[in-house]
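What follows is each chain in one-letter form.
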Amino acid sequence: MVRETHPKVLAVTGPHALEEVMAAVHEHLPRPHDPFTDLVPPQGIKLTPRHYAYLKISEGCNHRCTFCIIPSLRGDLVSRPIGEVMREAENLVKAGVKELLVISQDTSAYGVDLKYRTGFWGGRPLKARMGDLAAALGELGVWVRLHYVYPYPHVDEVIPLMAEGRVLPYIDVPFQHASRRILKLMKRPASGEDNLERIRAWRRICPDITIRSTFIAGFPGETEGEFRELLDFLEEAELDRVGCFAYSPVHGAKANELPGALPNEARENRRERLMQLQEKISARRLKRKLGKTLEVLVDEVKAGRAVGRSAADAPEIDGVVHIEDGSTLKPGARVQVKVLRSDAHDLWGELGIRQMRLRASAASERRP
Ligand code: SF4
């Protein structure tokens, strides 16, 4: 129909179909030799620092959460073939990446649209499923962090991989609310009670797991009682990292048609109350790390100290670890850091004794 109406249109593709678009362009306009782009390495060009990279595994989403318009903008779920994802991951690791951040709109649905089709990586068959992908990525010897994991029941399958140290013991799982009624209005699964059960089970399997989640405060019709239910859930769940948005009536979202819209100030006020509570919880949880030695990936070195992240910290959205005696470290180094101080977001520590000894002996070997 598009081509009938607009005969000059040469091709029609789906959203974010970069390869299809480029194939169509090259079909009609052969690619000229370009001395610059022809030098682009196989892993492509990254905008993130050299030592970490985002690995997009799919685009779009099959859910229809009433507050969200992503499916109408990006369409239904389209997963990348597992062999292609693994080859990109492998190239990134070969290029020096030390941490892969798996992203999508719905990581746990990976492969549903492909009917979990088998692909090949290094001649080995692999199914396009989140668990199989996470296990294969875990073989690359770098940190693997899972983001945007929709709380499907099969998510439980990746927790043992975390306990075994194959992927980072970190899960970014948006719960959005705790009240069963509000979750239903949002068209989201489960309830606070169900999620508490799951969190307890995850912690039994992997006691060091870091759980990150996001919530919406002031959803249309949310009563004070339902909001308190959410606060009680947070007290009980003791999540490590939490983001909260005041409900925002995005143009085109179904939730805008629900009765009982709250005034802006009320929504913002609830968001602030939630974040104040979470700040106390976060400070409590970080305090438990005092005296422990954590593995830290160094992000940058400035003003005589290094700043890095532990398994519990994703770049940009979580806290950091300040390494007070880390001035000689290089970005991308993985070091052991003993935690000395904490606040509600970050940790401060120094290089572990073993690390200092290793550095001292390396320095003495270098001496003439
Ligand atoms: S909130 Fe997430 S799961 Fe829900 S429709 Fe939007 S992208 Fe999909």
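Residue numbering note: each chain is counted from 1, following its sequence as written. pLDDT decides what is reported in this predicted model: residues at 70 or higher carry local features, side-chain atom pairs at 80 or more are listed and counted, and totals for whole chains, interfaces and linings draw on all residues regardless. The side-chain quantities take in all heavy atoms of the structure and omit both hydrogens and water.

**Digging into the overall build of the protein chain**
Right, so step 1: Helix and strand definitions follow DSSP, with helices as H or I runs of at least four residues and strands as E runs of at least two, each counted in order from the N terminus. When you go through the protein chain residue by residue, the secondary structure sums to 11 helices and 15 strands.
Right, so step 2: Across the 368 residues in the protein chain, those meeting the buried criterion constitute 45%.
Right, so step 3: Only heavy atoms enter the contact rule, under which two residues are in contact if any of them lie within 4.5 Å. Counting only contacts in the protein chain whose residues sit at least 6 apart along the sequence, the fraction spanning at least 24 positions is 71%.
Right, so step 4: The Shrake-Rupley method, run with a 1.4 Å probe, gives the accessible areas here. Residue values count only the displayed protein chains as cover. Accessible surface for the protein chain amounts to roughly 19,300 Å². Of this, 56% is attributable to carbon and sulfur atoms. Each residue gets one of three labels from its accessible area relative to the maximum for its type: buried under 20%, exposed over 50%, partly exposed in between, using a 1.4 Å probe on protein chains only.

**What to know about the sheet that holds strand E12 (residues 305-309)**
Two modes of strand pairing occur in sheets, parallel and antiparallel, and in both the strands are linked by backbone hydrogen bonds.
Right, so step 1: Only when DSSP finds a minimum of two bridges between them are two strands counted as paired. The mixed closed barrel is built from 5 strands, whose spatial order is E11-E12-E13-E15-E14. Pairs of neighbouring strands in the sheet enclose a mean axial angle of 50°, with direction left out of account.
Right, so step 2: Across 5 bridges, the pairing between strand E14 (residues 334-342) and strand E15 (residues 347-351) is antiparallel. Looking at E15, one finds that Arg 341 is bridged to Trp 348. For helices, the fitted line uses only the C-alpha atoms of the stretch in contact; every axis is such a line through C-alpha atoms, and the angle between N-to-C directions lies from 0 to 180 degrees.

**Focus on the layout of surface pockets**
Right, so step 1: As defined here, a cavity is a set of points on a 1 Å grid over the protein atoms alone where a 1.4 Å probe fits but cannot get out. A pocket is an open set with protein on both sides within 12 Å along at least five of seven lines, and residues line them when an atom is within 4 Å of a point. Grid points are joined across faces, edges and corners, and a volume is the space filled by probe spheres set on the points. In this structure, the second largest pocket spans a volume of roughly 950 Å³.
Right, so step 2: Along the wall of the second largest pocket there are 37 residues; nearest its centre are Phe 67, Ile 70, Tyr 148, Gln 176 and Thr 214.
Right, so step 3: Only strand E1 (52-56), helix H3 (70-74), strand E4 (99-103), strand E9 (210-217) and strand E10 (241-246) provide two or more residues apiece to the lining of the second largest pocket.
Right, so step 4: Of the residues assigned to the lining of the second largest pocket, the class counts are 22 nonpolar, 8 polar and 7 charged. In the scheme used here, Gly and all other residues not listed as nonpolar or charged are polar, with Ala, Val, Leu, Ile, Met, Phe, Trp, Tyr, Cys and Pro taken as nonpolar and Asp, Glu, Lys and Arg as charged.

**Regarding the site of the ligand**
Right, so step 1: Neighbouring residues are identified by heavy atoms, a residue being near a molecule or strand if any of them is within 4 Å of it. All residues adjacent to the ligand are Cys 61, His 63, Cys 65, Phe 67, Cys 68, Pro 71, Gln 105, Tyr 150 and Arg 188.
Right, so step 2: Each molecule is checked against the cavity or pocket grid, and it sits inside if more than half of its atoms lie within 2 Å of the grid points. Taking a 2 Å distance to the grid points as the criterion, the majority of the atoms of the ligand fall inside the second largest pocket.
Right, so step 3: Classifying every residue of the shell around the ligand gives 6 nonpolar, 2 polar and 1 charged.

**Topic: the side chain of Arg 241**
Right, so step 1: Its location among the elements puts Arg 241 in strand E10.
Right, so step 2: Arg 241 gets classed as buried once you look at its relative accessible area, which sits at 8%.
Right, so step 3: There is a polar contact of 2.4 Å between the side chain of Arg 241 and the side chain of Asp 313. Counting of polar contacts relies on pairs of N or O atoms within 3.5 Å, with two restrictions inside protein: one atom must be capable of donating a hydrogen and the other of accepting it, and residues adjacent in sequence are counted only when both atoms are side-chain atoms.

**Considering empty space enclosed by the protein**
Right, so step 1: Applying the stated criterion across every chain, the model contains 2 cavities of 30 Å³ or more.
Right, so step 2: Residue classes in the lining of the largest cavity are distributed as 2 nonpolar, 1 polar and 4 charged.
Right, so step 3: Every residue lining the second largest cavity is listed: Ser 108, Tyr 110, Tyr 116, Arg 129, Met 130, Gly 131, His 154 and Glu 157.
Right, so step 4: Of the residues assigned to the lining of the second largest cavity, the class counts are 3 nonpolar, 3 polar and 2 charged.

**Re helix H9 (residues 224-237)**
Right, so step 1: Taking 1.5 Å of rise per residue, the 14 residues of H9 would be expected to cover 20 Å, and the 20 Å separating its terminal C-alpha atoms lies within 8% of that figure.
Right, so step 2: Residues Glu 226, Phe 227, Leu 230, Leu 231, Phe 233, Leu 234 and Ala 237 constitute the buried set of H9. Viewed along the axis of H9, the buried residues span an arc of 155°, placing them on a single side of the element.
Right, so step 3: Those residues of H9 that are buried lie in contact with helix H7 (180-186), helix H8 (192-205), E9, E10 and helix H10 (264-287).
Right, so step 4: Positive phi appears at Glu 238, one or two residues downstream of H9, with a value of about 45°. Take the number of residues in a helix, subtract one, and multiply by 1.5 Å to get its expected span. Here the arc refers to the directions that run from the helix axis out to each C-beta atom.

**Section: the pattern of salt bridges**
Right, so step 1: We define a salt bridge as a contact between a side-chain nitrogen of Lys or Arg and a carboxyl oxygen of Asp or Glu at a distance within 4 Å. A full pass over the atoms with the stated rule returns 32 salt bridges.
Right, so step 2: Taking the shortest distance from any N to any O, the salt bridge between Asp 313 and Arg 241 comes out at 2.4 Å. Here Asp 313, found in the loop between E12 and strand E13 (321-323), pairs with Arg 241, found in strand E10; they are 72 residues apart in sequence, far enough to count as distant.
Right, so step 3: Counted as one network, the salt bridges with shared partners bring together Arg 203, Glu 235, Glu 238, Asp 240, Arg 284, Arg 285 and Arg 288.

**Details of helix H4 (residues 82-94)**
Right, so step 1: Taking 1.5 Å as the rise per residue, H4 with 13 residues should run 18 Å; its terminal C-alpha atoms sit 18 Å apart, in good agreement.
Right, so step 2: Considered for burial, the residues of H4 that qualify are Ile 82, Gly 83, Val 85, Met 86, Ala 89 and Leu 92.
Right, so step 3: Tucked inside the fold, the buried residues of H4 contact E1, E4, strand E5 (118-121), strand E6 (124-127) and helix H5 (130-138).

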